[in-house]
Amino acid sequence: MTNQEVARILRQIAEILQIKDDNPFKVRAYRKAADAIYHFDEDINVLNQTGRIADIPGVGRAVQEKVEELLRTGSLAYHERLLQDVPLGVLDMLHLPGLGPRTVRNIYEHLRITSLDELLQAAQEHRLRGLAGVGENTEAAIIKSIEEQKLSRGKVTLGEALPLAEHLLRYLLSTSPVLDGSIVGSIRRGKPLVSDIDILLATRQPEKVVSLINEYPGIKQVTTAEPGHIQGLLSGNMEFEIIMVDPDYYYFNLVRTTGSKAHRDTIFNHQHAELFFGARGEADIYQRLGLIYVAPELRENRGEIELARTGGLPHLLNLTDIRGDLHTHSKWSDGAEGIAEMAGSAIALGYEYIAVTDHSKSLSISGGLNEERLRLQGKEIDVLQADLPLTILKGIEVDIMKDGALDFSDDVLAGLDLVIASVHSNFKLDKVQQTERLIRAIQNPHVDIIGHLSGRLLNRRYGYELDILRIIEAAAEYKTILEINAHPDRLDIDEETARLAKGYGVKMVINTDAHHRVDLSLMRYGVMNARRGWLEPADVVNTWNKDRLFEYLSSRRS
DNA sequence: GCCGTTTTCGGCCCGACTGTTTTCAGTCG
């Protein structure tokens, strides 16, 4: 069991206890322990072997014993018992916006509803509105959000799928008689939501791969197993497909199985496979088609094929171009670690700079900073900076109020190296008000970056309504940088907006919004998203060196 | 259930908004 799987069980326990109206501090303790284990940068199994599970902050005696049982037996009696009181389908309801533990408990107890399908039906038949606190609007909101969810049903975020795919591929490469292998399909193209894991292997002994797949520790079920093709489910119910091909046709198949259908149909156009026999790489395949190599993230038939013919494809940025992270949190607000720890991890990543951007005062739940604590934080940074080989920018993630005003005065903001302005409240304003609100923030000369512009959370909620073109025009006029939030639940701004913004000359920045040290490594998702938006290093300010970045920041403020 | 330079009990982030009410509980970030 991985840290993430253990954390998932603990989170379910927290949710069930919440629905059962147990002690809220106990609920929080389970959540906190789950979060800490999820983000801990050592394997929980290794910690277990050395009896160090309780070294993880937030994990005490009770949780330690439960984790030990989980790792020893693969299940947990306490968890099983709780699931008899509150089935898993009830927890799905808790994830719908607008539904909290109280309402879900009412729905479950009074109507015995245990799945989203049943809930949808009950809402459509107006059977919910008799319950305490549920009226017409809540019913309508439930119908809307379940139907929205259906649009992405069965899909998971790239952040969930990519690590699972990498783990499976590593297993196959290390145990099986394969000459080469790659993740293919939509994961390789970096799509934010994917439906399954596709892996391509070059092998002359496909039957041996078939015999080894059942021994993979993360396997749940194999549904198809024939030479050339394996299909099944991983333990978290993630679908996977392994395609095995003759090594002489590996690169042909790599291109064929990576591109979107529209891309591959257009480039291959019924050409015979023999034409691509013995190719030495993907570039060779494209060359034989009279094309320049096209990066996986571009293979969507959105104009890349014409440019591959004539030259003029963008020179996409790479993860190695990133020189710093300009949106991070620390213990000063809702981050899990101190500034020194975050900076240490940034140094390990080879960064030149990092910005500390904790929340501002109105976000009190997150321990947002007031002016005095912001000043004290600045002093701490001064002390730390003296010994460090990287530059720490003193920043803030300042809240954008309902009317577009900011949570700090211009004087306070002027004293900082970097200001990110973000929306954390009033998501339901209409399109005109929401757009005006953001434009007012964009126009503020002290605002360098707009954080997670749309507010979307993949698989959970759509972004608020915005006139995106007006936002981009304003960002271009005021030289305000738009963030590509790299967190795989956000990837906000999305690829279309990024590509549009680039066309208007708007600069962007890829930030992780890290709340833990390990979150700094989420950068790669943001880079994939930026590449899907056709961005080049010149478009993304944190590919620039410190001098160029500072020069840009000071030029746009004057 | 966790935690402790206020230490083995008694604390543990809170304030605004929403939809349902008719004075507020539940949800959100």
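Residues numbered from 1 in each chain as written. Chains lettered and ligands numbered in written order. Predicted model: local features only at pLDDT ≥ 70, side-chain atom pairs only at ≥ 80, totals over all residues. Heavy atoms only, no water.

Caption draft 1: Helix H1 (residues 3-19), seen in detail. Relative to the 24 Å expected for 17 residues at 1.5 Å per residue, H1 spans 25 Å between its end C-alpha atoms, a close match to the ideal helical length. Extensive coverage of H1 is indicated by the burial of twelve of its 17 residues. The complete set of buried residues in H1 reads Asn-3, Val-6, Ala-7, Ile-9, Leu-10, Gln-12, Ile-13, Ala-14, Glu-15, Ile-16, Leu-17 and Ile-19. On its buried side, H1 packs onto helix H2 (24-39), helix H3 (44-49), helix H4 (61-73), helix H5 (77-85), helix H6 (88-94) and helix H7 (101-111). Of the residues flanking the end of H1, it is Asp-21, one or two places downstream, whose phi is positive at about 60°. (Helix = DSSP H or I, 4+ residues; strand = E, 2+ residues; numbered from the N terminus. Expected span 1.5 Å × (residues − 1). Buried < 20%, exposed > 50% of the residue type's maximum accessible area, 1.4 Å probe, protein only. Contact = heavy atoms within 4.5 Å.)

Caption draft 2: Geometry of the protein's contact with DNA strand B. Contacts to DNA strand B come from 36 residues, most closely from Gly-98, Thr-103, Gly-135, Ile-365 and Arg-461. The protein-proximal atoms of DNA strand B, defined as those within 4 Å of the protein, are 65% sugar or phosphate. A distance of 2.6 Å separates a phosphate oxygen of DNA strand B from a polar backbone atom of Gly-60. One of the backbone N or O atoms of His-424 is found 3.4 Å from a sugar or linking oxygen in DNA strand B. (Near = heavy atom within 4 Å. Polar contact = N/O pair within 3.5 Å; in protein donor to acceptor, adjacent residues only side chain to side chain.)

Caption draft 3: Broad picture of the packing of aromatic side chains. Within the structure shown, the criterion is met by ten aromatic pairs. With centroids separated by 4.9 Å and ring planes inclined at 55°, the aromatic side chains of Tyr-171 and Tyr-216 adopt a geometry described as tilted. Of this pair, Tyr-171 sits in helix H10 (residues 158-175) while Tyr-216 sits in the loop between helix H12 (206-213) and strand S5 (219-226), placing them 45 residues apart in sequence. Neither residue differs from the other here; Tyr-171 and Tyr-216 are each classed as buried. The interplanar angle of 5° and the centroid separation of 5.2 Å between the aromatic rings of Phe-252 and Phe-276 together place this pair among those described as stacked. One end of the pair, Phe-252, is in helix H13 (residues 250-258); the other, Phe-276, is in the loop between helix H14 (261-268) and helix H15 (282-288), with 24 residues separating them in the sequence. For the pair shown, Phe-252 and Phe-276 are each scored as buried. An aromatic cluster of at least three residues, connected via ring pairs, comprises Phe-252, Phe-268 and Phe-276. Directly above the ring of Tyr-78 sits Lys-66, whose terminal nitrogen or CZ lies 4.7 Å from the centroid. Its end group placed over the ring of Tyr-108, Arg-112 keeps NZ or CZ at 4.6 Å from the ring centre. (Phe/Tyr/Trp six-rings, centres within 6.5 Å; stacked < 30°, edge-to-face > 60°. Lys NZ or Arg CZ within 6 Å of the ring centre and 35° of its normal.)

Caption draft 4: A look at the layout of surface pockets. Approximately 630 Å³ is the volume found for the second largest pocket. Lining the second largest pocket are 19 residues; nearest its centre among them are Pro-97, Lys-144, Lys-428, Arg-461 and Tyr-462. When grouped by side-chain class, the residues that make up the lining of the second largest pocket number nine nonpolar, four polar and six charged. Both domains that furnish three or more residues to the lining of the second largest pocket are identified here as domain 1 (3-150) and domain 3 (319-557). (1 Å grid on protein atoms, 1.4 Å probe; cavity = no way out; pocket = protein on both sides within 12 Å on 5 of 7 lines; lining within 4 Å. Points joined across faces, edges and corners; volume = space filled by probe spheres on them. Nonpolar A, V, L, I, M, F, W, Y, C, P; charged D, E, K, R; others polar. Domains from an automatic or database assignment.)

Caption draft 5: Quick peek at the pairing of strand S9 (residues 353-359). Summarising burial for S9: seven of the seven residues are buried, a large majority. When strand S8 (residues 324-328) meets S9, the two strands line up parallel, connected through three bridges. Paired with Gly-324 across the bridge in S9 is Tyr-353. Between the parallel elements S8 and S9, the chain passes through helix H17 (residues 339-348) in a crossover that is right-handed. Handedness of the crossover joining S9 and strand S10 (residues 391-399) through helix H18 (residues 371-385) is recorded here as right-handed. (Pairing = 2+ DSSP bridges. Right-handed = clockwise from strand over helix to strand, strands pointing away.)

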